[in-house]
Amino acid sequence: MGLDCFHCGREIGGGINELFAHLRAHCLLRGGYFTCTAICNQGGCKQTFRNSYSFKRHISKQHAQVDNVAPGPVQEEDVQQRDEHVNVDMDEQSEEEDDDPNEEWDYLDENGIKERAVMLVCKLKSSSSVCQSTVSTVVEEVSGLFDDAVGSLKESVRTFLHSQNVDPDAEAASELFEKFSAFQNPFLGVETEYKQVQYLLASRKFILPIEKEITLGYAPRIQAATGNVLQVPTPRVFHYVPIKEVVRLIVETPGFWQCVQEHRKSTDGVMRDIHDGEYCSESPFFRDGDTLKLILYNDDIEMTNPLSPKAGTHKLGVFYYTLKDVHPRYLSTLNHFYLAALPYSTFYTSCRSIITICLDCWDA
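Novice: With reference to specific residues and values, describe the overall build of the chain.
Specialist: The helix and strand inventory of the chain stands at 13 helices and 10 strands. With 364 residues in all, the chain has 33% of them scored as buried. For the chain, long-range pairs separated by at least 24 residues make up 54% of all intrachain contacts whose partners lie at least 6 apart in sequence. Surface summary for the chain: the accessible area is close to 22,800 Å², and the carbon and sulfur share equals 54%.

Novice: Can you break down the packing of aromatic side chains residue by residue, with the values?
Specialist: Enumeration according to the criterion identifies 11 aromatic pairs in this entry. Here F238 and Y240 contribute two aromatic rings whose centre-to-centre distance is 5.7 Å and whose plane-to-plane angle is 40°, an arrangement assigned as tilted. With respect to burial, F238 and Y240 carry one shared label: buried. One aromatic cluster is present, formed by F6, F20, F34, F49 and F55 through successive ring pairs.

Novice: I'd like a description of the sheet that holds strand β3 (residues 29-30), backed by residues and values.
Specialist: Backbone-to-backbone hydrogen bonds pair the strands of a sheet. The strands run either parallel or antiparallel. Pairing within the open sheet is antiparallel, and its three strands lie in the order β3-β4-β5. Two strands in the sheet have a free side with no partner beyond their single neighbour: β3 and β5 (48-51). Pairing of β3 with strand β4 (residues 33-39), which is carried by two bridges, proceeds in the antiparallel orientation. Bridge pairing in β4 places R30 opposite Y33. Relative to β5, helix α2 (residues 52-62) is tilted by about 135°, and along the sheet it contacts β3, β4 and β5.

Novice: Pulling in residues and values, what's your account of unusual backbone geometry?
Specialist: Excluding glycine, residues mostly have negative phi values, and the peptide bonds linking residues are mostly trans. With a phi close to 65°, N41 is a non-glycine residue in the positive phi region. Within the secondary structure, N41 is located in the loop between β4 and β5. Overall, the relative accessible area of 7% leaves N41 in the buried class. With a phi angle near 60°, N165 is a residue other than glycine that sits in the positive phi range. Examined against the element boundaries, N165 turns out to sit in the loop between α6 (132-163) and α7 (171-183).

Novice: Provide a residue-level description of the packing of α6 against α7, including the pertinent values.
Specialist: For the pair α6 and α7, the least separation of the axes is 9 Å and the interaxial angle reads 165°. Comparing their axes, α7 and α6 come out roughly antiparallel. Every pair of crossing elements has a handedness; the one defined by α6 and α7 is right-handed. In this structure, α6 uses F146, V150, L153, K154, V157, R158 and L161 to contact α7, whose residues at the interface are A173, L176, F177, F180, S181 and F183.

Novice: Give a detailed account of α6, specifying residues and quantitative values.
Specialist: The terminal C-alpha atoms of α6 lie 46 Å apart, and with 32 residues this matches the ideal 46 Å at 1.5 Å per residue to within 8%. Buried residues of α6: V135, V139, S143, V150, G151, K154, V157 and L161, and no others. Residues of α6 that are buried make contact with α5 (110-125), α7 and α8 (193-202).

Novice: So what's going on with the confidence of the model for the chain? Residues and values would help.
Specialist: Across the chain, pLDDT averages 76, with 82% of residues at or above 70. Under a pLDDT of 50 for its full length, residues 67-105 has, in the predicted model, 49 contacts with residues more than four places off or in other chains.

Novice: Report on the pattern of salt bridges, specifying residues and quantitative values.
Specialist: According to the stated counting rule, one finds six salt bridges in the structure shown. One salt bridge connects E191 with K195, and the closest N-O pair in it is separated by 3.3 Å. Owing to a relative accessible area of 31%, E191 belongs among the partly exposed residues under this scheme. Across the pair R248 and E252 runs a salt bridge, and its minimum N-O distance is 3.4 Å. In this pair, R248 and E252 are both assigned in helix α9 (residues 243-252), four residues apart and thus about one turn of the helix distant. Taking the relative accessible area as the measure of exposure, R248 reaches 26% and is therefore partly exposed. You can call E252 exposed: its relative accessible area is 52%. Three or more residues joined by partner-sharing salt bridges are found here, namely E245, R248 and E252.

The rules behind the values
- Residues numbered from 1 in each chain as written.
- Predicted model: local features only at pLDDT ≥ 70, side-chain atom pairs only at ≥ 80, totals over all residues.
- Heavy atoms only, no water.
- Helix = DSSP H or I, 4+ residues; strand = E, 2+ residues; numbered from the N terminus.
- Buried < 20%, exposed > 50% of the residue type's maximum accessible area, 1.4 Å probe, protein only.
- Contact = heavy atoms within 4.5 Å.
- Areas by Shrake-Rupley, 256 points an atom, 1.4 Å probe, with all protein chains shown as cover.
- Phe/Tyr/Trp six-rings, centres within 6.5 Å; stacked < 30°, edge-to-face > 60°.
- Pairing = 2+ DSSP bridges.
- Axes fitted to C-alpha atoms, helices over the stretch in contact; angles between N-to-C directions.
- Parallel < 35°, antiparallel > 145°, perpendicular 65-115°, else oblique.
- Left-handed = near helix turned anticlockwise from the far one by under 90°.
- Expected span 1.5 Å × (residues − 1).
- pLDDT = per-residue confidence, 0-100.
- Salt bridge = Lys/Arg side-chain N within 4 Å of Asp/Glu carboxyl O.

Structure (structure tokens):
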């Protein structure tokens, strides 16, 4: 028995968690929201969702026992019907689901609320317009909001128990108040940037950038005693993210390797990706189906006003890569582009410097 994926039509065995892992591997689920309109697709059900938690509750309530026979791949008519089905007011639908007293709820423990808090910080940091001071302000304000709201709710519950002649110091009531206290500060233990990084490193799903020297340069320094300007040898460094560690996490993502093995070159003569070219067909290195194909890119970005007199002084070179072993429809998303190195563009004025950066990244 399994659940049917609304995107590819495959039957995913093991339950809702395995289905969500499959959707994450296809970049259809980020955090608690789908990246596109999700359709139930269980036994012909066409109800749509944007929130993954509403989708999970709908599956557990309406499709507790799913038929063993999968409905087959999603057809083009189903995709059109899915897009037209968005006319349903999702906000009202979510309110109706939340108001159902018989609905099963996903309870969060202390570790779960901390994980959600760290994911919120990660989403803020992933935005190019949010700086660290803004992230710290959000953490501080949200912590204060939770402290006031949960504290007020806890006192209201205590007052209600008194009105019902229930001892607040009873064992059951004490456990309830302990849960209130645990959720009163969701960022407990991850308040600062350092603690957030340590939490992510402990999860083994975060790769910390490393500083590495690429060459030796000279920088002007004023001698304090004489006032003379001296050219002092200064190492030129860049930051990079170890490619091997990132690829390891990608390969360990549930559903990724299966997606790689299912992707085959086209048989109709149409060139859709690198697998259909002569290079992959003739190279003995890529004839093995277990070989991953990584393509490295390089672009320069200007960090200041490109029309200012200081244009070019702070220009950065971005080395990034992608894996070409998945279906082309997944390669068009930014989720499949990974940062490798970030040096100043003046550090690799020659082809030799670029090769050095690439080799250093790969050897990491």
